[in-house]
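Here are the chains, one letter per residue:
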Amino acid sequence: MSPSHIKITEIQFANSEFLPEIVKFLNEGHTVTLRLKGYSMRPFLEDGRDKALLIKPRNPKKGDPVLAEIEPGHFVLHRIIAINDKRVVLRGDGNIGTESCRPEDIKGGVKGFYRKDRDRLDAVDGWKWKTYSWFWTRLFPVRRYLLAFYRRIWLRFFKPI
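Residues numbered from 1 in each chain as written. Predicted model: local features only at pLDDT ≥ 70, side-chain atom pairs only at ≥ 80, totals over all residues. Heavy atoms only, no water.

With respect to the helices and strands, R49 occurs in the loop between β1 (32-35) and β2 (51-55). Judged by its relative accessible area of 9%, R49 is buried. Here D50 takes part through its side chain, which lies 2.8 Å from a polar atom of the side chain of R49. (Helix = DSSP H or I, 4+ residues; strand = E, 2+ residues; numbered from the N terminus. Buried < 20%, exposed > 50% of the residue type's maximum accessible area, 1.4 Å probe, protein only. Polar contact = N/O pair within 3.5 Å; in protein donor to acceptor, adjacent residues only side chain to side chain.)

Turning our eyes to something else, we now look at the nonpolar core. For soluble globular proteins, the rule of thumb is that nonpolar side chains tend to be buried together. Among the nonpolar cores identified, the biggest contains 21 residues, and L54, L77 and F113 are the most heavily contacted of them. Those elements that place two or more of their residues in this core are α1 (15-27), β1, β2, β4 (74-83), β7 (106-114) and α2 (127-138). A per-element tally of this core places α1 first, with four residues. If we skip the residues at most four places from it in the chain, L77 touches L36, S40, M41, A52, L54, V66, L67, V110 and F113. (Core = buried A, V, L, I, M, F, W, Y, C linked by side-chain atoms within 4.5 Å. Contact = heavy atoms within 4.5 Å.)

Relative to each other, α2 and helix α3 (residues 140-157) sit at 95°, their axes nearing to 6 Å. Considered as vectors, α2 and α3 are oriented roughly perpendicular to each other. Together, W136, T137 and R138 of α2 and F140, P141, R143, L146 and L147 of α3 make up the contact between the two elements. Partitioning the contact of α2 with α3 into residue classes produces five nonpolar, one polar and two charged. (Axes fitted to C-alpha atoms, helices over the stretch in contact; angles between N-to-C directions. Parallel < 35°, antiparallel > 145°, perpendicular 65-115°, else oblique. Nonpolar A, V, L, I, M, F, W, Y, C, P; charged D, E, K, R; others polar.)

Right, let's get into α1. Its 13 residues place the ends of α1 18 Å apart at the C-alpha level, agreeing with the 18 Å of an ideal helix rising 1.5 Å per residue. Looking at the buried positions of α1, the neighbouring elements they touch are β1, β2, β4 and β7. (Expected span 1.5 Å × (residues − 1).)

In this section: α2. The terminal C-alpha atoms of α2, which comprises twelve residues, lie 17 Å apart, in line with the 16 Å expected from a rise of 1.5 Å per residue. Looking at the buried side of α2, the elements it contacts are β3 (65-71), β4, β7, β8 (122-123) and α3.

Right, let's get into the pattern of salt bridges. Summed over all chains, the structure comprises ten salt bridges. Between D93 and R79 there is a salt bridge, with its nearest N and O atoms 2.9 Å apart. Note that D93 is positioned in the loop between β5 (88-91) and β6 (99-101) and R79 in strand β4, a separation of 14 residues in sequence. Judged by its relative accessible area of 3%, R79 falls in the buried class. Several salt bridges share partner residues, and in doing so they unite R102, E104 and D105 into one network. (Salt bridge = Lys/Arg side-chain N within 4 Å of Asp/Glu carboxyl O.)

Have a look at this one:
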């Protein structure tokens, strides 16, 4: 079979079984593209549609999206909202509440996202992601209402691509 005719098959596993293997790859220095599962990073990242390009974490800081293990076998991909030597506070862009972990529980950094089934990476250090992040993080006081509008009205008329 020629390289241009390679068949790609997607298989789904439980996160608690699959993500520890992904962490092993990241620790070995590999990059991993992972299809997102869940709604915690709405409205800009959608369940089953978008993908994250993960790398081994390097000096995570406030504002960075990361893959973290918040309790044994329970992983989240959220943005860091506060960090110090003993605790990291995380919040998904589509969440109101926070979760926390230890700094050593950050298992992966995010290089960028493939959104809306595009082949082009939206890098987290690019102008597009930085602009979105700057606005969205400052809208936290009204985020509850924006997310309610998105879920109850926007999605009824404009289903995610």
